[in-house]
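Descriptive structure summary
Chain by chain, the residues:
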Amino acid sequence: MANSEQQKHDSLVERVSARLGARVLETDRSYGDLVFVVEKAAVHEVLSYLKNDEKFDLLLDIAGVDCVKLPEYRERFELEYILYATGKDHRVRVRVPVPEFALDVPTATDLWRAANWAEREAHEMFGFVFTGHPCLKRLITHQQFEGHPLRKDYPVMQGQWCATTSSLEEELEE
Amino acid sequence: MTDKKPNLDDFVPKAGEAKGPYSAGDFSADLDYSGDAAADGTTLDDIDTQPMYINIGPTHPATHGTFRVYCKLDGERIKKAAVDIGYLHRGFEKIVEHRKYNQVIPYTDRLNYCSGLVNNIGFCKAVERMLGIEVPERTQVIRVILMEIQRIMDHMICVGANIVDIGALTNFWYFFNAREKLNDVLEALTGARLTYSYTRVGGLAWDLPEDFRERVKAALEGIPKAIRDVTGLIKKNRIFLDRSRGVGVIDAEKALSFGWTGPCLRATGYPMDLRKVRPYYHYDQFSFDVPIGANGDVYDRVFVRIAEMEESLRIIYQAIDNVPGGPINVDNKDIVLPAKDEVHNTMEGLINHFKLVIEGVKPPPGRIYDSIEAPNGELGFYIISDGTGQPYRIKVRPPCFYLMNTLKYLIEGAMVADIVAILAGLNIIAGELDR
């Protein structure tokens, strides 16, 4: 089982490097997983290649990361898209370094509808701005909440007083 | 591990075959949903009506948790809807960055609190893969048994509550009567009835009690009868059919785009089950089938879950008589606490215990995504380790987060009363939805 997974990784890496060679900064194969590290400008191109040509039909999750306390990192923030191809049982991740002062990332909502809430969560927790997202508002935290709670500089015990119920008018017409 | 992985195509029904756990001829009549018009042909579009805005929730007996659905109504039809979540947000992902790996386990209990053990096992499995260890055979089989017991319990709550919301209370008690016996088994094993925290990184908290096998078998006896009773009451029940067939329909392609996994995806006819496609804990050596639905409506979601309970029963019966002997924890002093006897009587054991409690388990620096088939779908843990005893970041992939994302689109165009039927069929658990 493990071998066939590595073979799938090998052949995908080959195809991706032939097609999008310069777009992929690095491939990470630790723990037997396959991770493409992609620069921000190319993320939509890479994702749409994986979705449309390689049939990664399931967007499992989008994880934001604040790398500021890691010993080494490319940029302060990172986004990690976890993709799964149900037809051939293949899971890959796409990692995108995002600089602290340019948090805009192109949206993936046109590729997977699951990206809608996943991106809203990454937006409120880390402050990423997904350009082209239909309704980029806070989802889990309150609309009056200030700051981004999963950033490393947000104190773990800091609460906020939020009282006004959100109107939801914008989501209604989304 | 053998390479017996089944081909996905094997599960896809051929043309003309019955598609689900039931056959299409079971239904008494095909239902007609075109009848919104009055006797003279007038429909709501002919009447000059004003839209009405209502809130369902945040606290409502039928929402199974706190979240809010805001609807724009035209008559009893929902024109537009918006879903507001986050009322149960407790900052799981923030607080676990300040805890040791083993201290995270009690927090995972509070994700999907209908099946806490599955969360425990999913988290431990991810950390163990990071540490590069495999738990002993005995532990693997015990974990399989516990996961399947929890799958049955979770489905019982989901199906029972779903039918309650449509107005049939009796089934709920049939299921809860049987579920209570399983709860007693887990209480005898873990000491808890809801928040079990039974696993540890590298194994289990303690071994099975002597009479575990007999207890499980006794508890399982009542389940087929409970399933028979419930299906007998609802399978051809006109009210249930009217309320569930053709309600909340979604096709497989859309469901995948929305990130659906688990029984809700399988109800659309797409047979994806992680236990089959990427088996862990020797799931490939158990014989069980993956039930699928045909239409992707509330009815299919209920019956896929009921059929899955029967499959889980099969797995437990195969596993319970074949629990291998041997240790339950990996033999690694950096990961598992030493035996109490050793701690109290030897200096090395005491130092080992102290170091492990103070510093914790230390996975090598790196990132991992690992997932298991939870009762609700794919439960994933994305973990970053920086080499210390505390996780740098844990992102949970809760299955019902993506189901809930879809709710807006499922209820738009439906009737107000369908909201609760659809909502309960998705099995939204606010604990893992909001984290």
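Structure's up top.
Residues numbered from 1 in each chain as written. Chains lettered and ligands numbered in written order. Predicted model: local features only at pLDDT ≥ 70, side-chain atom pairs only at ≥ 80, totals over all residues. Heavy atoms only, no water.

**Observations regarding the interface of chain B and chain A**
Interface size is commonly expressed as the accessible area that is lost once the parts come together. Our working rule: Only heavy atoms matter for contacts: two residues are in contact if any of them lie within 4.5 Å across the pair. Accessible area, probed at 1.4 Å, shrinks when two parts are joined; the buried area is that loss added up over both. We call two N or O atoms a polar contact when they sit within 3.5 Å, provided that within protein one can donate a hydrogen and the other can accept it, with sequence-adjacent residues counted only if both atoms are side-chain atoms. Helix numbering and strand numbering both begin at the N terminus, where a helix is a DSSP run of H or I of at least 4 residues and a strand a DSSP run of E of at least 2. Three categories are distinguished: nonpolar for Ala, Val, Leu, Ile, Met, Phe, Trp, Tyr, Cys and Pro, charged for Asp, Glu, Lys and Arg, and polar for the others, with Gly belonging to the last.
Each side of the interface is counted separately: chain B has 59 residues, and chain A has 59 residues. Buried surface at the junction of chain B and chain A, summed over both partners, amounts to about 5200 Å²; 54% is from carbon and sulfur atoms. Per-residue buried area on chain B facing chain A is highest for Arg-278, Arg-367 and Tyr-392 of chain B; these three make up 16% of the total on that side. The interface formed by chain B and chain A contains 28 residue pairs in polar contact (both at pLDDT 80 or more). The biggest single contributor to the side of chain B that touches chain A is helix H14 (residues 399–411) of chain B, with six residues. When its residues are assigned to classes, the side of chain B that touches chain A shows 30 nonpolar, nine polar and 20 charged.

**Section: the packing of aromatic side chains**
Rule in force here: Classification of ring pairs rests on two measures: the distance between centres of Phe, Tyr or Trp rings, Trp counted by its six-membered ring, which must be within 6.5 Å, and the angle between planes, read as stacked under 30 degrees, edge-to-face over 60 and tilted in between. The cut-offs for exposure are 20% and 50% of the maximum accessible area for each residue type, with area from a 1.4 Å probe on protein chains only; residues under the lower value are buried, those over the upper are exposed, and the others partly exposed.
Scanning the entire structure with this criterion turns up 19 aromatic pairs over all chains. Centroid distance Phe-77 of chain A to Phe-128 of chain A: 5.8 Å. Interplanar angle 75°. Geometry classified as edge-to-face. Taken together, the residues span a long stretch of sequence, with Phe-77 of chain A in strand S4 (residues 77–85) and Phe-128 of chain A in the loop between helix H3 (115–126) and strand S7 (129–131) at a distance of 51 residues. With a centroid separation of 6.1 Å and an interplanar angle of 65°, the aromatic rings of Tyr-283 of chain B and Phe-288 of chain B are classed as edge-to-face. The exposure class assigned to Tyr-283 of chain B is buried, which follows from its relative accessible area of 1%.

**Describing the sheet that holds strand S1 (residues 52–56) of chain B**
All names here are of chain B. What counts, and what does not: Here, strands pair whenever DSSP counts at least two bridges between them. Angles shown run from 0 to 180 degrees and are taken between the N-to-C directions of axes, each axis being a line fitted to C-alpha atoms and, for helices, limited to the stretch in contact.
On the basis of which strands lie adjacent, the open sheet formed by three strands has the order S1-S2-S3 and antiparallel pairing. Sheet topology places S1 and strand S3 (77–84) at the edges, where each strand pairs with a single neighbour. Across the sheet, the axes of successive neighbouring strands diverge by a mean angle of 20°, strand direction being ignored. In terms of strand pairing, S1 meets strand S2 (residues 68–74) through five bridges, oriented antiparallel. For Ile-54, the partnering residue across the bridge sits in S2 and is Cys-71.

**Notes on the sheet that holds strand S3 (residues 58–66) of chain A**
All names here are of chain A. One open sheet holds the five strands; their spatial order is S1-S2-S5-S4-S3, and the pairing between them is mixed. Since the sheet does not close on itself, it has two edges, and those belong to strand S1 (24–28) and S3, each with one partner. Across this sheet, the average inter-strand angle for adjacent strands is 20°, counted without regard to direction. Of the pairings in the sheet, the one linking S4 to strand S5 (residues 90–98) comprises nine bridges and is antiparallel in character. Within the sheet, the bridge partner assigned to Glu-78 lies in S5 and is Pro-97.

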